[in-house]
Structure formats: C-alpha cells, structure tokens
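Chains, contacts and geometry: an overview
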Amino acid sequence: MEKLVIPFDQLSIKDVGKVGGKNASLGELHRHLRPLGIRIPDGFSVTAAGYSLFLQENNLEHRIAAELAALDTHHFTNLQQVSSRLKTFLLQASLPHLLEEEILDAYRLWQKRNLLGDGVAVRSSATAEDLPGASFAGQHDSFLNVRGEKEVLEKIKACFASLYNARAIKYRLDKGYAHTQVALSVGVQQMVRADLGSSGVIFTLDPESGFDQVIYLTACWGLGENIVQGTVVPDEFVLFKPSLQQGKLALLSKKKGSKSKTMCFGTTGGVVNQDTIAPLQKRWVLTQEEAELLGRWALAIEKHYRMPMDIEWAKDGISGDFFVVQARPETIHAQKDPLIQEEFFLKKAGKVLAKGIAVGKGITSGKIRILHTPREEHLLQEGEILLAEHTNPDWDPLLKRAAAIVTTKGGRTSHAAIVARELGTLALVGAETAMEKLQTGDLITLDNASGNVGIIYEGKLSWTKTTHDFRGISLPKTTPMLILGDPEKAFALSHFPHQGVGLMRMEFVITSSIGIHPMALVHPEKVTQAEEKAKILGLCEGYDTPEEYFVDRLSQAIATVAAAFYPQEVILRMSDFKSNEYAHLLGGTAFEEEEENPMLGFRGAFRYCHERYQEGFVLECRAALRVKEDMGLRNLSMMIPFCRSPEEGKKVLRLLAAQGIHRGEGKWKIYVMAELPCNVIQAEEFAEIFDGFSIGSNDLTQLTLGIDRDADILGELFDETNPSVTWMIAELIRVAKSKGKKVGICGQAPSDRPDFIHFLISQGIDSISFQSDALLSGLVSMQNAEQTIEKQKSILRSRASSLPHTT
C-alpha cells in the first residue's frame with residue numbers, strides 16, 4: 001500500500017505525483033538546500049494516496065463525477081452551486097481511521113520533538129500545482145496557526161474540499177486539466193513566528209520584464225499572506241546577481257511601501273490583521289545585509305532547480321532566524337519570447353488622477369467599475385476597468401473579464417499582479433488614492449508604458465504601439481548602442497539587440513528620482529522658503545545626511561542601468577542641466593542666477609569646477625564611484641559634456657582624480673562630448689586627455705550653423721547634413737582614428753535619417769546610439785550601409801587589380 005503520510009525530509013521533486021508540487025518542493029529544499037545553511041520549516045505531507053483513500057472509503061468518486069458532468073462549461077451559470085455541493089460532500093465525509101491514525105502519529109511525533117511549535121500551517125498541494133506550465137496560485141485553501149489535533153484534522157479535510165473551489169474548477173478547465181488528473185496532498189508545516197517578525201516573496205528575475213540577472217524581493221511586517229493577497233504595499237528590494245556572486249554591494253534599488261497592515265496569530269488560533277504602528281510603517285523591513293542574505297539563498301535555490309523561482313520567506317521574530325517556506329517555478333516569463341518586444345508611447349499626457357505600481361507594459365482606456373466583492377461580478381460590463389481595494393482567488397473568474405485591473409493595495413507579488421501577468425492584462429496595484437479620485441463610469445486612460453510607476457489619466461488619450469521582432473536580427477560591425485534616460489525602462493530594453501548604452505542621461509534621474517538641487521542638499525541652510533525646506537526634509541527622511549539622499553538615489557538609478565546592460569559598456573554623461581533647468585529643482589532658486597542665454601551659459605565642465613557647483617559635482621562622483629567600485633559594475637564609463645577647452649578638460653580630470661576617479665587601464669574610461677566647434681578644431685589636444693569622443697550632433701549643428709534649435713521659425717535651417725556640419729563630423733572622426741581613440745554619436749540625426757548613417761559609417765565611426773523606438777530601423781540602415789560600402793570597396797579593389805602593373 002502506498003504511504004499515506006511522508007515527512008518532508010523523505011521527499012524530493014520527483015514526488016510531485018505523490019504529494020503535489022508544493023510539498024515535493026519542500027522535500028527537495030530539505031534534502032538539498034538545508035545542508036547549504038538555508039533554513040526550511042519541518043513538517044510532513046498527507047499524500048495524494050491519502051486523499052484517494054478518503055474518496056474511496058466515502059464513496060465520493062461517482063458523486064463527484066455526476067456533479068461535474070452537470071456543470072455548464074460554456075457560461076458557468078451553475079458553477080457556484082456545483083462547487084458548493086461538491087465541497088459539502090467532502091466536508092461532511094469522515095477521514096478514514098487508518099489515515100487519521102497516521103496523521104496524528106506524525107503530528108504527535110513532531111510535537112514531541114518540539115519541531116512544530118504551538119501552531120502549524122496546513123497547506124494544500126495539488127499534484128498539478130506549482131509546475132512550469134501553471135501555478136494554480138491560490139486556487140486551493142491553506143490555513144495558518146492551526147492548533148490542536150482536532151483542528152488539524154478538520155483543516156486537512158477542508159484542504160481536500162478546496163480542490164472543488166469554484167475558482168479551482170474553472171482554472172483547471174481553462175488550463176486543460178481533467179478533474180480526475182489532479183489529486184490533493186496536504187502539508188502540515190511548522191509555523192515560523194513571522195507574526196512577530198516579517199515575511200515576503202522573492203522572484204529570481206524581474207517580474208515585469210523577465211530580466212534574469214536580478215533578484216526581486218518584497219517584505220512586510222507580520223505574516224506574508226498580506227503580500228500574497230495584496231492587502232499591503234510592501235517594501236521592494238532589487239539585487240544584482242553578479243554582485244552577490246562577487247561578494248560586492250548588490251542592492252541596486254529599494255522602495256519603501258506603506259505596509260499598513262500586520263497579520264498576527266490569533267490568541268486561540270487563526271490569524272488577525274492589525275493596523276501597523278506608524279514607526280514600523282516608516283521603517284525598512286530588512287537591512288541591506290538581510291536582503292543580501294535572502295538574495296544569496298535565492299541564488300542557491302535557483303541554481304539547484306536550474307530555472308527562475310518564486311520563493312516565500314519568513315523571519316522568526318523570536319529567534320531572528322530567516323526561513324524559506326515555499327519555492328516553486330516562475331510560470332509567466334518562462335513561456336514568453338524575449339525577442340518580441342512591444343513599446344507604447346502616449347502622444348500627450350493629460351490630467352493625472354492616480355499613480356501606482358505598473359504591472360504589465362502598455363496603455364489602455366476604459367470606464368471604471370468599482371466593485372467591493374466578487375459577488376458583484378454581474379455589474380462588470382465588457383471593456384470596463386475593475387477598481388477594487390484588493391483581490392484574492394475568489395475574484396479570478398471576474399478578473400478574466402476586466403479590460404484592466406486597478407487595486408488600491410498590493411505590490412508586484414500580490415494576487416492581482418500575478419493573475420494580471422498570467423492573463424496578459426494590464427494592472428495598477430498599490431494605487432492608494434484611486435478610490436478617492438475615481439468613481440464608477442469615469443473614462444480613464446491607464447499608462448503602464450513609462451516604467452515602474454503606472455499613471456491613470458482623465459479621459460481617453462491617444463497613444464501609439466510598436467512591436468519589435470528581433471528574431472533573426474544580426475548585429476552590424478559598427479557598434480549599435482542605446483540612448484537611455486529612464487532607469488525604470490532599462491530591464492525591458494536589455495532584451496533589445498545592442499552592445500551597450502552610448503548615452504545615459506543623468507538629468508532625468510535628478511528630475512524624477514531626486515527632485516532637489518544638489519547644492520540645496522550640501523547647503524540646506526541657504527534654502528529660505530519654508531515650503532521648500534519642509535519638502536526637502538521630508539524627502540531626506542531616514543537618511544543620515546541630505547547628501548546621502550542624493551548619492552543613494554542617484555547610485556541606485558545608475559546601477560540599475562549598468563546592471564541591465566552588464567557587461568556591455570554604459571556611458572554615463574554627468575549632469576548637463578542649464579541654469580534655468582537647475583532652478584526648477586527644489587531649492588534651485590537659491591543657487592542659480594538668471595541668464596540671458598542658458599544654452600551658452602553656466603553649464604557642463606565649467607560648472608563642475610566652479611565654486612558655485614563643485615560640491616554638487618562631488619556628489620555625482622560619489623554616486624558613480626559607489627556603482628563601479630563598491631558594486632563591481634566595471635562596465636560603467638563616464639562622459640563630460642560641454643567642455644570648452646582642453647584646459648577646462650584637464651581641470652575636470654584633476655577634480656575627478658581627487659575623488660578617486662582615475663583614467664587608465666583597468667580603471668575609468670572618460671569620454672568628452674564633441675558638441676562644440678572647438679572640440680573639432682582642437683580635437684588632437686582633446687584626444688590627448690580623454691579616452692574618446694561622443695558626437696552630440698544636435699548642439700554641434702546649432703553651434704556650427706548659428707541656429708537656435710528651439711526656435712520654430714528657424715526649424716527648416718536646422719540640418720545635420722549641412723556640408724559645414726558633416727565636415728566637422730568627418731574631421732573629428734579622422735583625428736580620433738589617427739590618435740587611436742574611439743568616437744561615437746548619440747544625437748538624433750541617425751534615428752531620423754538612413755543617409756546620415758551611411759555617411760557616418762563611410763567615415764569610420766565606431767558606434768551609433770539610438771532611442772529604443774528607432775533601434776530596429778537603425779540596425780537595418782546600419783547593415784544596408786555596411787553592405788553598400790563593402791560593395792563599393794570591392795568594386796574599387798577589382799578595378800585596381802585589373803590595372804596594368806608598372807615597374
């Protein structure tokens with residue numbers, strides 16, 4: 001006779017047919033990961049054979065089959081009734097005496113050895129669950145803090161019955177599983193005292209883009225069910241795998257969640273959800289060291305399973321120890337083709353109504369439908385966008401009908417987020433103000449195309465959609481690179497065919513992620529406006545110094561981009577705001593003077609060395625150093641913009657050296673922007689002090705032709721192919737080549753004009769950088785240009801060889 005109860009430490013992943021995916025994985029963790037120091041809670045499994053015996057002794061198979069045969073599988077009009085009757089059959093049945101005895105023997109043994117504690121978790125584990133093709137996430141029931149023998153037996157039977165939850169029946173039909181193919185096992189597991197500590201979820205890839213070189217980790221206070229069900233907005237941490245493996249600082253970014261609820265043990269069993277006290281809401285759940293410990297565990301688990309994993313962890317509030325309580329394959333990105341990418345662009349923004357965490361990339365529009373319970377599903381009309389506080393598996397049939405999903409709570413690993421990814425539906429989770437700002441019938445546009453933050457706009461806006469098919473694309477000999485401003489797009493863009501980032505714009509990060517003038521952080525006493533001072537204090541809360549706020553936020557953004565394209569080169573352009581742009585930052589007016597012509601004023605290299613900004617530039621350097629040296633992202637290079645003379649360049653290099661940034665083999669590559677005529681005229685001298693050039697064709701064109709590129713009336717005169725401009729570019733490339741220096745271009749012209757690409761390649765340019773939406777056409781133009789030029793060279797060689805030789 002097959003075993004009815006098996007301890008976790010006697011199971012392995014090969015036992016899915018016996019104990020289901022969840023329990024088999026716990027057994028695998030016990031046998032192979034526990035020896036590596038990863039803590040796994042003890043417990044045992046009631047096997048699928050035990051479930052089958054339960055059905056047989058109660059003569060339930062025929063009754064179940066008859067009920068399922070009567071199910072309306074077209075419109076599911078009687079799904080709830082069929083589910084209710086089936087569950088009643090199982091709940092009213094008795095556990096077989098033999099099965100009950102074996103369960104209690106195991107439970108008593110574990111209790112005697114004090115391995116299960118006062119309460120246990122009783123978890124369903126279906127034999128088709130947690131497999132690469134289907135997660136079955138939340139379809140079956142689990143119970144926490146179950147106490148006493150009687151209650152354990154009752155909850156095991158309740159798990160058996162949950163195989164016929166309405167949502168589980170529907171899910172099996174949607175996935176093509178026959179009901180008779182799926183049996184149910186139950187795990188009885190030690191409860192980690194996370195109610196006094198913390199818990200969360202880990203993905204060993206980025207859950208939105210599928211970028212597989214990071215570990216994405218969420219954390220909340222108390223039991224992790226709040227994260228899974230999406231009842232809180234958790235803290236988020238992103239770790240870079242190569243940095244973890246090298247023992248370097250691995251934390252790419254972190255984002256603090258509101259963590260408004262804490263799930264705790266009930267005094268007589270079960271759980272209660274309490275309001276989180278204010279000091280804990282403001283605190284990070286994990287230290288950097290704790291996040292990196294969990295990251296190393298996740299790496300070991302992924303290495304063992306040889307696939308991306310979805311992991312649940314818990315920290316015991318009494319012992320302070322961490323545990324892995326579940327691990328299963330990630331089921332969404334494993335089925336996607338990374339060579340097909342979609343990009344959406346909103347033509348014009350509108351009035352912002354709410355913001356949240358974007359799940360899925362895209363834009364959609366529709367009318368809002370606010371629902372408070374899945375029993376209101378009949379109110380949801382075709383094309384409507386569902387707005388709810390949060391969702392659980394009972395909402396699943398309804399979520400499949402929604403044009404998009406918005407919840408006021410939850411994070412990227414919440415139920416709503418996971419189901420949205422599985423369905424391919426856009427979602428906005430953690431949109432905490434949405435209920436206040438929206439009502440049923442409001443027409444809105446949901447924009448999830450601009451990074452990790454999704455935005456709800458008033459009304460129906462216009463957008464464009466571009467599908468990139470990179471299958472069969474080969475890279476040209478000339479290096480294609482990307483232009484990037486928003487770090488939140490970096491992981492998605494990493495799937496594009498590329499050889500690095502030719503221009504990372506720092507200004508976007510300072511504007512969107514920092515928002516404060518650097519000098520206002522160095523000298524906050526000079527900011528006199530009370531409202532600005534209060535905003536700056538609020539943003540810097542939790543940091544030891546205002547300067548650390550700037551360095552931390554900027555280094556996270558730079559590191560995210562450098563990690564996304566690692567080990568390909570990422571060229572960071574140091575800040576190139578004009579004085580009027582700096583003035584718009586918080587505290588900016590205290591440090592910026594009004595200029596008649598900011599385009600030609602206090603900017604670039606001159607600003608870095610001036611006493612009015614030098615301390616701000618030092619903060620930029622500290623952020624870049626942290627990324628390259630402390631985090632080990634050696635692919636980061638630096639570029640100096642708007643350098644008016646070689647002497648000015650030397651001053652900047654001396655200032656950089658004073659901060660520990662040195663040029664040389666194995667050190668930093670430091671390039672200069674070639675955007676001024678003097679950069680070309682004195683190219684030989686600039687080549688002596690910098691590692692190469694990046695042509696800024698926009699500024700070079702306007703300063704060569706004397707045209708204000710922002711003046712509409714002069715628009716027809718702005719032409720990068722003007723002979724004077726092309727001479728400048730050709731001459732710069734010639735000098736750079738003669739000096740053995742690299743030269744690339746990061747202006748707009750190559751994205752707009754294939755003939756300009758032909759010109760650049762014919763001159764021998766080393767790299768061309770494109771905006772992401774122009775990359776595919778740019779690659780084609782580069783290959784066409786290379787082929788044409790090679791044919792022309794071949795013809796010339798052929799003609800030369802046919803000429804008579806002279807002696």
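Residues numbered from 1 in each chain as written. Predicted model: local features only at pLDDT ≥ 70, side-chain atom pairs only at ≥ 80, totals over all residues. Heavy atoms only, no water.

Attention now moves to the overall build of the chain. Each helix and strand in the chain was counted, giving 30 helices and 30 strands. For the chain, restricting intrachain contacts to residue pairs at least 6 apart in sequence, the fraction spanning at least 24 positions comes to 69%. With the model as given, the accessible surface of the chain reaches about 33700 Å², and the carbon-plus-sulfur share is 49%. Computed over 89 positive and 101 negative side-chain charges, the inter-centroid distance for the chain is 3 Å. (Helix = DSSP H or I, 4+ residues; strand = E, 2+ residues; numbered from the N terminus. Contact = heavy atoms within 4.5 Å. Areas by Shrake-Rupley, 256 points an atom, 1.4 Å probe, with all protein chains shown as cover. Lys, Arg positive; Asp, Glu negative; His and termini not counted. Charge placed at Lys NZ, Arg CZ, Asp CG, Glu CD.)

Where burial is concerned, most of strand β5 (residues 184-190) is hidden: seven out of the seven residues are buried. As paired elements, strand β2 (residues 43-46) and β5 share four bridges and run antiparallel to each other. Bridging from a neighbouring strand, S45 pairs with G187 of β5. Here strand β3 (residues 120-126) runs beside β5; their pairing, made up of seven bridges, is antiparallel. (Buried < 20%, exposed > 50% of the residue type's maximum accessible area, 1.4 Å probe, protein only. Pairing = 2+ DSSP bridges.)

Here the focus is the sheet that holds strand β12 (residues 309-315). Strand order across the open sheet formed by six strands is β9-β8-β7-β6-β12-β13, with antiparallel pairing between neighbours. With one partner strand each, in any of the chains shown, β9 (251-255) and β13 (322-329) form the two edges of the open sheet. Between one strand and the next, the sheet's axes are offset by a mean angle of 15 degrees, whatever the strand orientation. In the packing of helix α11 (residues 288-305) onto the sheet, the strands contacted are β6 (198-203), β7 (214-221), β8 (235-240), β9, β12 and β13, and the crossing angle to β13 comes to about 40 degrees. (Axes fitted to C-alpha atoms, helices over the stretch in contact; angles between N-to-C directions.)

Scanning the entire structure with this criterion turns up 43 salt bridges. The partner of D235 in a salt bridge is K259, with the nearest N and O atoms 2.8 Å apart. Of the two residues, D235 sits in strand β8 while K259 sits in the loop between β9 and β10 (261-265), which places them 24 residues apart along the sequence. Just as D235 is buried, K259 falls in that class too. (Salt bridge = Lys/Arg side-chain N within 4 Å of Asp/Glu carboxyl O.)

The geometry of helix α3 (residues 61-69) relative to helix α4 (residues 79-92) is characterised by a closest axis approach of 10 Å and an angle of 175 degrees between their N-to-C directions. Between α3 and α4, the crossing angle belongs to the class labelled roughly antiparallel. Residues R63, I64, E67 and L68 of α3 pack against V82, R85, L86, F89 and L90 of α4. The residue inventory of the contact of α3 with α4, partitioned by class, reads six nonpolar, no polar and three charged. (Parallel < 35°, antiparallel > 145°, perpendicular 65-115°, else oblique. Nonpolar A, V, L, I, M, F, W, Y, C, P; charged D, E, K, R; others polar.)

Another aspect to go through is unusual backbone geometry. Following Y566, the chain continues into P567 via a peptide bond in cis, with omega recorded as 5 degrees. One can find P567 in the loop between α19 (546-564) and β25 (570-573). Here N59, not a glycine, exhibits a phi torsion of approximately 50 degrees, which is positive. Structurally, N59 can be placed in the loop between α2 (48-57) and α3. The class of N59 is exposed, set by a relative accessible area of 56%. The backbone of R306 shows a phi angle near 60 degrees, a positive value even though the residue is not glycine.

L252, F565, I640, L656, F693 and I695 are the most contacted members of the largest nonpolar core, which totals 110 residues. When residues in this core are grouped by element, the largest group, 11 residues, is from α19. If we skip the residues at most four places from it in the chain, I640 touches M574, A605, Y608, V652, L656, I670, Y671, V672, M673 and F690. Counting residues in hydrophobic clusters, the runner-up holds 47 residues, among them F54, L104, I156 and A161. (Core = buried A, V, L, I, M, F, W, Y, C linked by side-chain atoms within 4.5 Å.)

The pairing of strands in a sheet comes from backbone hydrogen bonds and takes either a parallel or an antiparallel form. Spatial strand order, β15-β19-β18-β17-β16-β20-β21: seven strands in a closed barrel with mixed pairing. Between one strand axis and the next, the sheet turns through 35 degrees on average, direction left out of account. With four bridges connecting them, strand β20 (residues 443-447) and strand β21 (residues 453-458) associate as antiparallel partners. Across the sheet, T445 pairs through a bridge with Y457, a residue of β21.

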